[in-house]
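Fold and geometry: a report
The lines below spell out each chain.
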Amino acid sequence: MRAAPRVDAVLVQAVIAGALSFAHLHDLAAAAGQDGWKAWAYPISVDLLLVAAWRRLRLLRPSGQPVRAAWFWFAVALAASLGANVATAGLLDLGDVPAWLRILVAGWPALAFLGGTLLVHLPAQAEAPQESAAAGPAETAMPEPRPAAEPKTEPSPEPQSEVADAPEPVRELPASAPSPVPVPAALVDHARKVADDHHARTGAPIDTDTLRARLGVPAHLADAIAAQLA
């Protein structure tokens, strides 16, 4: 025998609370001048905005996206529902509804439409990565067995001669003298004038570093010029 279905207490509580809230919103809309089918549409609009905002929160939160807009419209719908429940608890004369409340009730459709539109256009949750086009996992091709390599027979080493050839002595090449650096004659004349001027001012012959600094030439060229001035 099948077990009797168990009644979910949470579901029953939700149905009762939803019915009472629906009735309070209907009564408030009717008292504010929204008669006929319009009074029945108000509680549907409020509850749908509340559910839509909560559903959008559930979608955005796991993906780490901003949820301020969803929280805002959830608070707006909750305030409308809670306000209607409190207003119909005897604190408000439904026979003489104030003008500001009539304005709020009359302006609710536009506000709810704006909220629903913005909730629809909020970025949705990041989609799960697409599955591969293949229906099943790709089978890994097994490598074909390679034929066993035949053992290579190494040739027997030849008998070495008992007396190894003596290595030939390495012949050292004579060090070649460095080739002289060609120095233009005009540069030598200019360097001689610089050297004479330095000797006239200091009373000492000019050294190579000073000559190189005065002429602005490389070190090897300054050495060649100094050799010609000596």
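Here's what I pulled together on the structure shown here. (Residues numbered from 1 in each chain as written. Predicted model: local features only at pLDDT ≥ 70, side-chain atom pairs only at ≥ 80, totals over all residues. Heavy atoms only, no water.)

**Quick notes on the overall build of the protein**
- Check the secondary structure of the protein and you find seven helices and zero strands.
- The helix and strand sequence of the protein, counted from the amino end, reads α-α-α-α-α-α-α.
- Relative to its full complement of 230 residues, the protein shows a buried share of 22%.
- Summed over its atoms, the accessible surface of the protein is roughly 18400 Å², and 62% of this surface lies on carbon and sulfur atoms. (Helix = DSSP H or I, 4+ residues; strand = E, 2+ residues; numbered from the N terminus. Buried < 20%, exposed > 50% of the residue type's maximum accessible area, 1.4 Å probe, protein only. Areas by Shrake-Rupley, 256 points an atom, 1.4 Å probe, with all protein chains shown as cover.)

**Points about the packing of aromatic side chains**
- The final tally for this structure, using the stated rule, is four aromatic pairs.
- Geometrically, the ring pair formed by W71 and F74 is edge-to-face, given 5.9 Å between the ring centres and 85 degrees between the ring planes. Taken together, the positions of W71 and F74, both in helix α3 (residues 68–91) and three residues apart, correspond to about one turn of that helix.
- With relative accessibility at 37%, the residue W71 sits in the partly exposed group.
- Its relative accessible area of 17% is what places F74 among the buried residues.
- Through successive ring pairs, a cluster of aromatic residues spans W54, W71 and F74. (Phe/Tyr/Trp six-rings, centres within 6.5 Å; stacked < 30°, edge-to-face > 60°.)

**Observations regarding α3**
- The end-to-end C-alpha separation of α3 is 32 Å, in line with the 34 Å expected for 24 residues at 1.5 Å each.
- Those residues of α3 not exposed but buried are A70, W73, F74, V76, A77, S81, A84 and A87.
- Packed against the buried residues of α3 are α1 (9–31), α2 (37–60) and α4 (99–120). (Expected span 1.5 Å × (residues − 1). Contact = heavy atoms within 4.5 Å.)

**So, the nonpolar core**
- Within the largest apolar cluster, 29 residues are counted, with the highest numbers of intra-cluster contacts made by L28, L49, W73, L101, V105, W108 and L119.
- Elements with a contribution of two residues or more to this core: α1, α2, α3 and α4.
- When residues of this core are assigned to their parent elements, the largest contribution, eight residues, is made by α2.
- Beyond its immediate sequence surroundings of up to four residues, W108 is in contact with Y42, S45, V46, L49, V76, A77 and A80.
- V183, V188, L211 and L221 belong to the second-largest nonpolar core, a separate cluster that totals 13 residues. (Core = buried A, V, L, I, M, F, W, Y, C linked by side-chain atoms within 4.5 Å.)

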